[in-house]
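# Per-entry structural report
Take a look at the letters that make up each chain.
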Amino acid sequence: AFESHTLLTDITISDTVSEIGERAFEDSGLTTVKLPSALTLLNRQVFKNCLSLESIELSENIRTIYYTAFENVPVEAIPDIPEGTEVIVESFDFISKGEADAVVPDCVTSMDYNSYFFYDTLTIGKNVREFIPLKFELGCITDTKQKEIYVNEENPYFCAEDGVLYNKDKTEIVHIAYGHNFTD
């Protein structure tokens, strides 16, 4: 829609808009954004590379946000996520950061294997309730470097011990950190 419009610094979005499409304002010159109260879905990379953004105001009515909606946005511009909002982390949302350790923010509720696969350690936030594990048929198990996995103690869905992610009551193995040294 307004992708790469660097002269766009301000916009008024109609109160009837319930969804903003992928990359709608990517690389634009927006400085402040007030999102409409009817907005329930903030799609992938909506504000990607909006380096001039100073603030984004979210309505309490927002229900779903893709984690990449705020990719490469100044951290001080990223709004607080309203309680109860589903934040979806998809493939490679963390990978491009170039860090050895991944700490999944508490606002994230769902994540898949590509969002954590290449990290030495992974710490799962307290609100992650869906963890889509790596499938063996991908044929790349030996390529992982993940050595350890941790879970926020307040997470009601998962726990981890010695490189293994379990459901909270430890009746199901959800994921194994294949780079973990299991001989210790």
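See the structure shown above.
In this report, the structure presented in the accompanying data block is examined. (Residues numbered from 1 in each chain as written. Predicted model: local features only at pLDDT ≥ 70, side-chain atom pairs only at ≥ 80, totals over all residues. Heavy atoms only, no water.)

### A word on the sheet that holds strand E9 (residues 121-124)
In space, the 3 strands of this open sheet follow the order E7-E9-E11, with parallel pairing throughout. Where the open sheet ends on each side, the last strands, each with one partner, are strand E7 (101-103) and strand E11 (148-151). Ignoring strand direction, the axes of neighbouring strands in this sheet form an average angle of 10 degrees. (Pairing = 2+ DSSP bridges. Helix = DSSP H or I, 4+ residues; strand = E, 2+ residues; numbered from the N terminus. Axes fitted to C-alpha atoms, helices over the stretch in contact; angles between N-to-C directions.)

### Some details on unusual backbone geometry
A positive phi angle is found at Asn49, which is not glycine, with a value near 60 degrees. Examined against the element boundaries, Asn49 turns out to sit in the loop between strand E3 (41-42) and strand E4 (55-57). Even without a glycine there, the phi angle at Asp162 is positive, about 50 degrees.

### Focus: the packing of aromatic side chains
By the definition in use, this model includes 3 aromatic pairs. Between Phe25 and Phe47 the ring centres are 5.7 Å apart and the planes differ by 10 degrees, which places this aromatic pair in the stacked class. With Phe25 in the loop between strand E1 (19-20) and strand E2 (32-34) and Phe47 in the loop between E3 and E4, this pair connects stretches of sequence that are 22 residues apart. Phe47 carries the same exposure label as Phe25, and that label is buried. Seen from their ring centres, Phe47 and Phe70 are 6.3 Å apart, and the 5 degrees between their planes marks the pair as stacked. (Phe/Tyr/Trp six-rings, centres within 6.5 Å; stacked < 30°, edge-to-face > 60°. Buried < 20%, exposed > 50% of the residue type's maximum accessible area, 1.4 Å probe, protein only.)

### What to know about the side chain of Asn167
Mapped onto the fold, Asn167 is located in strand E13 (residues 164-167). At 2.8 Å, the side chain of Asn167 and the backbone nitrogen of Thr171 are in polar contact. If we skip the residues at most four places from it in the chain, Asn167 touches Tyr157, Phe158, Cys159, Glu172 and Val174. (Polar contact = N/O pair within 3.5 Å; in protein donor to acceptor, adjacent residues only side chain to side chain. Contact = heavy atoms within 4.5 Å.)

### Digging into the pattern of salt bridges
Evaluated as defined, the whole model comprises 5 salt bridges. Among the salt bridges present, the one from Glu71 reaches Lys48, with a minimum N-O distance of 3.9 Å. Pair noted here: Glu71 is in the loop between strand E5 (64-66) and strand E6 (86-89) and Lys48 is in the loop between E3 and E4, with a separation of 23 residues, a long-range link. Accessibility assignment for this pair places Glu71 and Lys48 in one class, buried. (Salt bridge = Lys/Arg side-chain N within 4 Å of Asp/Glu carboxyl O.)

### Remarks on the layout of surface pockets
Which parts of space are left empty comes out when a probe the size of a water molecule is rolled across the atoms. Its volume calculated, the second largest pocket comes out at about 240 Å³. Surrounding the second largest pocket, Ile81, Pro82, Glu83, Gly84, Thr85, Asp106, Cys107, Thr109, Lys126, Asn127 and Arg129 form its lining. (1 Å grid on protein atoms, 1.4 Å probe; cavity = no way out; pocket = protein on both sides within 12 Å on 5 of 7 lines; lining within 4 Å. Points joined across faces, edges and corners; volume = space filled by probe spheres on them.)

### Quick notes on the sheet that holds E6
With parallel pairing, 6 strands are arranged side by side in an open sheet as E1-E3-E5-E6-E8-E10. Whereas interior strands pair on both sides, the edge strands pair on one side only; in this sheet they are E1 and strand E10 (130-132). Summarising the sheet, E1 and E3 pair through 2 bridges and their orientation is parallel. Across the sheet, residue Ile20 finds its bridge partner in E3, namely Leu42.

### A closer look at the pairing of E6
Two faces, one strand: in a regular strand the side chains alternate between the faces of the sheet. In terms of strand pairing, E5 meets E6 through 3 bridges, oriented parallel. Bridging across to E6, Tyr66 finds its partner in Ile88. Bridging between E6 and strand E8 (residues 110-112) involves 2 bridges; their strand directions are parallel. The residue of E8 that forms the bridge with Val89 is Met111.

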